[in-house]
Every structure is written in structure tokens, then in C-alpha cells.
Amino acid sequence: MHKNSLNLFIKLISFDQSLVKTKKEIKELTDSLDACNKELHQLSLSLETSIHNVRNLKKEVDAKELEMKLLDEQEKAGKERLASVSSDKEYQALKREVEGYKKKQHEYEDGLVSTWGAYECAQKELESLEKKYTDEKEEIERVILHKQERLDELNKVVESHAKEQSSKQEGIPEEWLTLYKRMSGAVSNPVVEVLRGSCVACFYKIPHQDILSLQNDELLSCKGCYRLLYSKNESVQELEIEEKGSD
Ligand SMILES: [Zn+2]
């Protein structure tokens, strides 16, 4: 009974090990898809930022131009009024007012020119970003599609593996399966062989008493790495020869 259980258990392990590569590829694909999506998000974020920047600078240009226009109108109105004032005192005051408008216009002009410059720069930057966005977005989306297709394929493999796995668990003690499941979450090779008295994963030297238990088809945990240990007995070796012969 125990011997048979161990054989079944070893068969289940090698069956599960065949999926290690697939699971690794799934993990890599998932990580890579995450990175692609982040890149895509970053790309649209920088485009949005650029659009906002252009919009804000345009508003600033418009506001400054309006200010200039108002100053211009105030200056013109002042000049017109200059022609109709009677007293010299009033004339001098108005003249100072008109000159004040001129001075302000002059000051505003520098600001307007630099804002215009920034606005034009931002527009050019937006144009090149838009091109970059279109090109790169297309490329990233193509990569995503490709990776997603591969991921779907691999998930199907995992799915059919899971179906087959439950039938392969029949005849194996529940306790072993629980231990196995717990270790599977931690390492990719949860069950290892004892070779020449040591664990093949961590090389921990297995005490003599444990070797005897293993030879008696018991399942033990390695005290070095906590992996489950088994020792191939005659019936397992026979089984392997049988399987190789039938290949
Ligand atoms: Zn070990």
C-alpha cells in the first residue's frame, strides 16, 4: 500500500515538474504585460501633460494680449482727451497718465514675447509627442496582443494540467498532499530525492534513522531546507525502467 502510494506520489511530482517551465513563462509574461501597460499609461500621461501645458500657455498669451489691448485703448483715449483739456495742470497730469500707459505696455511686451516663445515651444513639443505616441502606442499594443495570445495558450495548458492532476492524486495519502501543497507554494521543487545519504537540493546530511524510515517508504521533511524527501526504492526503480521501456 505504502510502496504504491510512493510510486503514485513520485509520478504526480514529475507530472507537476513538467509544468514548472510553463509557470515560469506565465510569470514572465504577466510581469512583462504589466510593464507594457505601465509604459502605455506613461505615454498617454506625458501626452496629456503636454496638451495641458499648451492650453495653459495659450490662455496666458490671450490674457497678456488682452491686457496689452486695454492699455493701448487707454493710451489712445488719453491722447484724445489731451487735445481737449484747457488747463496746463490738467494737461500735465493727463500726459503723465498717458506716459504711464506707454511704460506699462512696454513692460508687458517683454512678458508677452517670452510667453509666446514658451507657447510655440510647447506646441512643437506636443507635435513631436503626438507622433511618438502614435508610433509607440501601436508598437506596444502589438506586443501586448502577442504576449496575451501566448499567455492564453499557457493558461489553457495549466487548466488541462489541473484537470489531469486531480486524477493523479488518487491513492496518495491526504497528509502527503497537504505537505506537498504547502511546500509547492514556497519552492519550485518541493519534493526531492535523497542521494548518497544527502538531500539533493541543500546537501543536508540525512541522519541514519531517517534514511531507514525513507527506505521504508516514509515521507520526511529535510531539516536543512524543509523540502519533502523520498528515497527511491527497488519498486520505484523498476517502475522507471518499465516506463522508459514503454517510451
Ligand atoms: Zn534539503
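Up top is the structure these notes are about.
Residues numbered from 1 in each chain as written. Predicted model: local features only at pLDDT ≥ 70, side-chain atom pairs only at ≥ 80, totals over all residues. Heavy atoms only, no water.

Caption draft 1: Spatial organisation of the layout of surface pockets. In this structure, the largest pocket spans a volume of roughly 490 Å³. Only α1 (2–17), α2 (20–84), α3 (88–168) and α4 (174–184) provide two or more residues apiece to the lining of the largest pocket. A total of 6 residues in the lining of the largest pocket trace back to one element, the largest contributor, which is α4. Within the lining of the largest pocket, the residues separate by chemical class into 8 nonpolar, 7 polar and 4 charged. Residue-level mapping places the lining of the largest pocket at the junction of two domains, with at least three residues from each of domain 1 (20–167) and domain 2 (173–246). (1 Å grid on protein atoms, 1.4 Å probe; cavity = no way out; pocket = protein on both sides within 12 Å on 5 of 7 lines; lining within 4 Å. Points joined across faces, edges and corners; volume = space filled by probe spheres on them. Helix = DSSP H or I, 4+ residues; strand = E, 2+ residues; numbered from the N terminus. Nonpolar A, V, L, I, M, F, W, Y, C, P; charged D, E, K, R; others polar. Domains from an automatic or database assignment.)

Caption draft 2: Examining the side chain of S231 more closely. Structurally, the position occupied by S231 is in the loop between β4 (228–230) and α6 (234–246). With relative accessibility at 15%, the residue S231 sits in the buried group. In this structure S231 touches L6, L214 and Q215, once residues within four positions along its chain are discounted. (Buried < 20%, exposed > 50% of the residue type's maximum accessible area, 1.4 Å probe, protein only. Contact = heavy atoms within 4.5 Å.)

Caption draft 3: Looking closely at the pattern of salt bridges. In total, this model carries 13 salt bridges according to the counting rule given. With a shortest N-O distance of 3.9 Å, E136 and K132 are connected by a salt bridge. Remark: K132 and E136 occur in helix α3; sequence separation between them is 4 residues, near one turn of the helix. Overall, E136 belongs to the partly exposed group, its relative accessible area being 31%. Assessed through its relative accessible area of 38%, K132 is described here as partly exposed. (Salt bridge = Lys/Arg side-chain N within 4 Å of Asp/Glu carboxyl O.)

Caption draft 4: Structural view of unusual backbone geometry. In this structure, R196 is a non-glycine residue whose phi angle is positive, near 50°. Position of R196 among the secondary structure elements: in the loop between β1 (191–195) and β2 (198–199). Phi at F203 is positive, roughly 65°, even though this residue is not glycine. As for its placement among the helices and strands, F203 is situated in the loop between β2 and α5 (208–215). A residue is classified by how much of its surface remains accessible, and F203, at 65% relative accessible area, is exposed.

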